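Descriptive structure summary
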Amino acid sequence: MKKLSYILAISALAVSGLTSCNPDKDPKIDTSTDYEFVLNTPQFATQFINLATNGKVQFTVSQPNYGLTLAPTYGIQISLKPDFTSVTEEPVVGDDGEEHVVPGMVDIVLESQIKGVLVANMSDLAAGINELNGIFDESQYEEDYIGPLYVRATAHLGSGTAAEATATVSNVVMLSQVQGFASFSTEPILLYIPGNAGGWSDNKPQIALSEKYTNDEKMALYGFAKVDGEFKINDGDWEGAVNWGSQKGDDSVGLSPVLNDEGETVAYSVDLYQNGNNLNGGDYTVPTGLYFFWLEITDYDNSSDTGTEKVGTLKITEITSVTLPGDYNGWDASGNPMTADAGNSYIWTGAANVTSGGWKIAMNNSWDINLGGTAEELIFDEGNLYLDGSNVTLDLTAYPWHCTVQ
């Protein structure tokens, strides 16, 4: 089973050291390398685990002793050898004709982390096992791996130098009998929003596929971009398979208002066509601002050059406010507002005592548009964030959208 990941380009927890003129009395992060970090041996460690059931695997850890009660960012690493070295020193030639180094260790992105409970997808573990065996695409796959899998947890505080200073790994736990399957991770596909707001080059803000809303008939993509006049959506090549605009005609077509029950405009929409005209032109253009883009695509690979083949629909919603609802404020979607940076509408900052009890990022004082997941990769309508801090900075400049908490 192949795991697909598409990214359409529309538009970490940073922990600063605690300093004071009286350092002897103030708490500090312990920056030694021994943080007493333990990955507990799960009850299923000696059982046969068939990853093809495509479920989830749960691990638990003890929080590293950093000297302060702070919520770390966790991860897990897997290997086929207990010392986390490669099974071969020989490179493998892939279908692309390129040589690939076979890694001894693969980082697994967690599905979720709630305090010391870490959840990983079985499909991600299987994809990692294939990579550890030097199998990088489905054409190379011959049979399922069956054997031991070695796992260790990782933890750090913040990003950049803070993450490097506090990075630590746990003990190694062996899962004695694991069966893999043909699961592969793919590089994200980037789509862009060139236009008047940022220029008509091909590397403008990004949109991302929402796998939650993807099926055999339709894929949903989303992201953030500033709109100021006309724009289009492409894949970085004006002659490529994705060059979406409005239906081709004599004039550019504007976006139609989407009204709520009270007759108020809450969004704007338009049908998308391959090789169509520029969007947001004609008699009606939307107000300049930062917008949430939502695309529902039914014909991603359409290569018609007529501008009359519909590929899907686009709805954009202006972002007028960003808030930080959570356990600490009763999950009030309008509480603790953030402020847009005066020189960059993709950056928002806010002061709020967010806690490991859980919180999210909401927009327009409602839950219709919200972000969660991890600080390093915020995802639309994903689970809660579990980080402590008093200042949050949201960065929607490019995928992956992320925030820092201090």
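To be clear, the structure that these remarks concern was listed above.
**Quick word on unusual backbone geometry**
Of the consecutive residues Tyr399 and Pro400, the connecting peptide bond is found in the cis state with omega at -5°. Here Asn364, not a glycine, exhibits a phi torsion of approximately 60°, which is positive. Along the chain, the position of Asn364 falls in the loop between β23 (361-363) and β24 (369-373). We classify Asn364 as partly exposed; its relative accessible area is 23%.

**With respect to the pairing of strand β22 (residues 344-354)**
Walk down a regular strand and you will see the side chains alternate between the two sheet faces. Where strand β21 (residues 339-341) and β22 come together, 3 bridges link them in antiparallel fashion. Across the sheet, residue Ala340 finds its bridge partner in β22, namely Trp348. In this structure, the hairpin formed by β21 and β22 is closed by a connection of 2 residues. In terms of strand pairing, β22 meets strand β26 (residues 389-395) through 6 bridges, oriented antiparallel. The partner of Trp348 across the bridge, within β26, is Leu394.

**What to know about the sheet that holds strand β3 (residues 56-60)**
Across the sheet, which stays open at both edges, the 3 strands sit in the order β3-β9-β8 with antiparallel pairing between neighbours. One side of each edge strand has no neighbouring strand; the edge strands of this open sheet are β3 and β8 (112-114). Shown here is a sheet whose adjacent strand axes are inclined to one another by a mean of 20°, direction ignored. Bridge count between β3 and strand β9 (residues 117-121): 5 bridges; the pairing is antiparallel. Looking across to β9, one finds that Lys56 is bridged to Asn121. Relative to the sheet, helix α1 (residues 122-132) contacts β3 and β9, its axis offset from that of β9 by approximately 65°.

About the criteria used
Residues numbered from 1 in each chain as written. Predicted model: local features only at pLDDT ≥ 70, side-chain atom pairs only at ≥ 80, totals over all residues. Heavy atoms only, no water. Helix = DSSP H or I, 4+ residues; strand = E, 2+ residues; numbered from the N terminus. Buried < 20%, exposed > 50% of the residue type's maximum accessible area, 1.4 Å probe, protein only. Pairing = 2+ DSSP bridges. Axes fitted to C-alpha atoms, helices over the stretch in contact; angles between N-to-C directions. Contact = heavy atoms within 4.5 Å.

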